Amino acid sequence: YQRRVHGEIPPAHMAHNSLRVLASAEAVTNALHERLPASCRKIYAMYSSILDAIVTDPALMVVPLDDHMVHRGHSVFDTANVSNGKVSGLTMHLERFIRSANAARIVVPHDIDTFRAIILQTVAASGYRDGIYVRYWLSAGRGNFAIAPHGCTGGPSFYVVVHKLEKDTLPRHEVTVGTPWKPPLLAQMKSTNYLLNALTAMEAHDNGGYLGVQVSADGLWFGEASIACIALVKNRVLCTPPPDGILDSTSLRRAVALARSGAFPGVVDSVEIRPVAVTETKDASEMLSFGGGLCESIVQLNGVTIGNGEPGPAYRTLYAALCADNRTGEEIPSHLYPQIGERPV
């Protein structure tokens, strides 16, 4: 019998023995358009180093199956917000991107300026200046299905995708999960090996949470959420675990820098980067998660209310500051936008 835990059983015609053989580029293109999920229409532009070009038809935004990103997970990625025609914190993200690539032993084919130019052109090709998000990947390359990339004679692959940013500001109810931590090597690089992250979020959803919060094997210490870093606010002090076995979050790093500069007097007066015990939530006025350039308020953990159960002043202040920060960054030159003009937000 056929069974899926998440999703429906495939239609019956998927299993019959009269599958089409598509022998031309036109036939493949037509089939890709026929079967394009509606959600993919929120993907606006893709750069592929395989083509050395930007594609704006979502049906044709494909990655070869023999790319080691696909069948070995041997790749790294990073992201950035786009707001007001500017890509926020791009240099900081690209520096982490290159550190991740070096840790994954992937040849870095470009300098930061070249990566930046490709990303900015891809964002411009989307036609949007606001409400979008850019993701970019560097893989060991394509060419075979071996475990090591020695046969990838074409060199590394670089991909960029621009898609609609879908984010809300709802307060979160979270749960701790039993999914184990990544080993430090994988945790500290932003690789596409996100299976444990996905399982963390799925376990959280199964138990009434959102992203899920990982804890140490003994259940005593906070780790991180599936795609975010965790912090507590106690007596106007922002307390967060050190990035020893977790990803060095650029969102959290920016918030810490602002707090230490004295930007939030009377709200967040100081920062402590140290191990944070799960039991400290009972004394915390707020719990926050940082990721994707912003922060979220966690008002409940494992059914227990944090603070007064509502987003507090630290969340409101930090969120506003990070939003303002996202409106600065690498400006996308207007001449890069297509002749059809910029699309409305």
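Fair warning: this is a prediction, and the values are worked out from it, not measured in the lab. (Residues numbered from 1 in each chain as written. Predicted model: local features only at pLDDT ≥ 70, side-chain atom pairs only at ≥ 80, totals over all residues. Heavy atoms only, no water.)

### Thoughts on the overall build of the protein
Here's step 1: Along the backbone of the protein there are 8 helices and 17 strands.
Here's step 2: Relative to its length of 345 residues, the protein is compact, with a C-alpha radius of gyration of 22 Å against a globular reference of 20 Å.
Here's step 3: Over its C-alpha atoms, taken along the principal directions, the protein stretches across nearly 65 × 55 × 40 Å.
Here's step 4: Taking all 345 residues of the protein together, 44% fall into the buried category.
Here's step 5: In the protein, once contacts between residues fewer than 6 apart in sequence are set aside, the share between residues at least 24 apart is 70%. (Helix = DSSP H or I, 4+ residues; strand = E, 2+ residues; numbered from the N terminus. Rg over C-alpha atoms; globule rule 2.2 N^0.38 Å. Buried < 20%, exposed > 50% of the residue type's maximum accessible area, 1.4 Å probe, protein only. Contact = heavy atoms within 4.5 Å.)

### Digging into the pairing of strand β3 (residues 75-83)
Here's step 1: Burial within β3 is extensive, with 9 of its 9 residues counted as buried.
Here's step 2: Here β3 shows no split at all, with S75, F77, T79, N81 and S83 on one side and V76, D78, A80 and V82 on the other all buried.
Here's step 3: As paired elements, β3 and strand β5 (residues 132-139) share 8 bridges and run antiparallel to each other. In the sheet register, S75 faces β5, and the bridge partner there is S139.
Here's step 4: Of the strand pairs in this sheet, β3 and strand β4 (residues 86-87) are connected by 2 bridges, and their pairing is antiparallel. Bridged to V82 within β4 is V87.
Here's step 5: Hairpin connection, β3 to β4: the antiparallel pair is bridged by 2 residues, and N84 has positive phi, about 55°. (Pairing = 2+ DSSP bridges.)

### A word on the state of the cysteines
Here's step 1: What the rule picks out here adds up to 0 disulfides.
Here's step 2: No disulfide involves C229; its sulfur sits 13 Å from the nearest other cysteine sulfur, which is in C295.
Here's step 3: Overall, C229 belongs to the buried group, its relative accessible area being 5%.
Here's step 4: Lacking any disulfide linkage, C323 is separated from the closest cysteine sulfur, that of C295, by 8.0 Å.
Here's step 5: Accessibility expressed as a relative area gives 19% for C323, which makes it buried. (Disulfide = S-S within 2.5 Å.)

### Some remarks on the sheet that holds strand β1 (residues 43-48)
Here's step 1: Here 7 strands make up an open sheet; going across it, the order is β2-β1-β6-β5-β3-β4-β17 and the pairing antiparallel. A single partner strand is all that each edge strand has here, and the edge strands are β2 (53-55) and β17 (330-331).
Here's step 2: Across 8 bridges, β5 lies against strand β6 (residues 157-164) in antiparallel orientation. The partner of V134 across the bridge, within β6, is V162.

### Some thoughts on the nonpolar core
Here's step 1: Ranked by size, the top nonpolar core spans 31 residues in total, and within it V87, I119, V123, V134, Y136 and F158 carry the most contacts.
Here's step 2: Elements that contribute at least two residues to this core include exactly β1, β3, α3 (90-103), α4 (112-126), β5 and β6.
Here's step 3: Looking at this core, the element that brings in the most residues is α4, giving 6 residues.
Here's step 4: Leave out the neighbours within four places in its chain, and V87 touches A80, N81, V82, L120, V123, V134, T328, G329, E330 and I332. (Core = buried A, V, L, I, M, F, W, Y, C linked by side-chain atoms within 4.5 Å.)

### Topic: the pattern of salt bridges
Here's step 1: Under the defined criterion, the tally for this structure stands at 15 salt bridges.
Here's step 2: The partner of R172 in a salt bridge is D168, and the shortest N-O contact between them spans 2.6 Å.
Here's step 3: With a relative accessible area of 33%, D168 lands in the partly exposed category.
Here's step 4: Note that R274 and E272 form a salt bridge whose closest N and O atoms lie 2.7 Å from each other. (Salt bridge = Lys/Arg side-chain N within 4 Å of Asp/Glu carboxyl O.)

### Regarding the packing of aromatic side chains
Remark: the centre distance and the inter-plane angle together describe each pair of aromatic rings, the angle taken between the planes.
Here's step 1: Evaluation of the coordinates by the stated rule reveals 8 aromatic pairs.
Here's step 2: Plain terms: the ring middles of F97 and F115 are 5.5 Å apart, the flat faces sit at 85° to each other, and that makes the pair edge-to-face. Remark: F115 occurs in helix α4 and F97 occurs in helix α3; sequence separation between them is 18 residues.
Here's step 3: Residue classification places F115 among the buried positions, given a relative accessible area of 0%.
Here's step 4: Aromatic side chains F97 and F158 sit 6.1 Å apart centroid to centroid with 50° between the ring planes, which places their arrangement in the tilted category. With F97 in helix α3 and F158 in strand β6, the pair connects residues that are 61 residues apart, well separated along the chain. As far as the burial class goes, F97 and F158 line up, both buried.
Here's step 5: Following the ring pairs from residue to residue traces out a cluster consisting of Y47, F97, F115, Y136 and F158.
Here's step 6: Between R172 and the ring centre of Y210, over which it is positioned, the NZ or CZ distance is 3.7 Å. (Phe/Tyr/Trp six-rings, centres within 6.5 Å; stacked < 30°, edge-to-face > 60°. Lys NZ or Arg CZ within 6 Å of the ring centre and 35° of its normal.)

### Some thoughts on unusual backbone geometry
Here's step 1: Positioned with a positive phi, D52 is a non-glycine residue whose angle comes to about 50°.
Here's step 2: Structurally, D52 is set in the loop between β1 and β2.
Here's step 3: A positive phi angle, near 65°, is found at R236, a position not held by glycine.
Here's step 4: The class for R236 is partly exposed, based on a relative accessible area of 43%.

It is worth stressing that arrangement in space is one thing and function is another; only the former is reported here.
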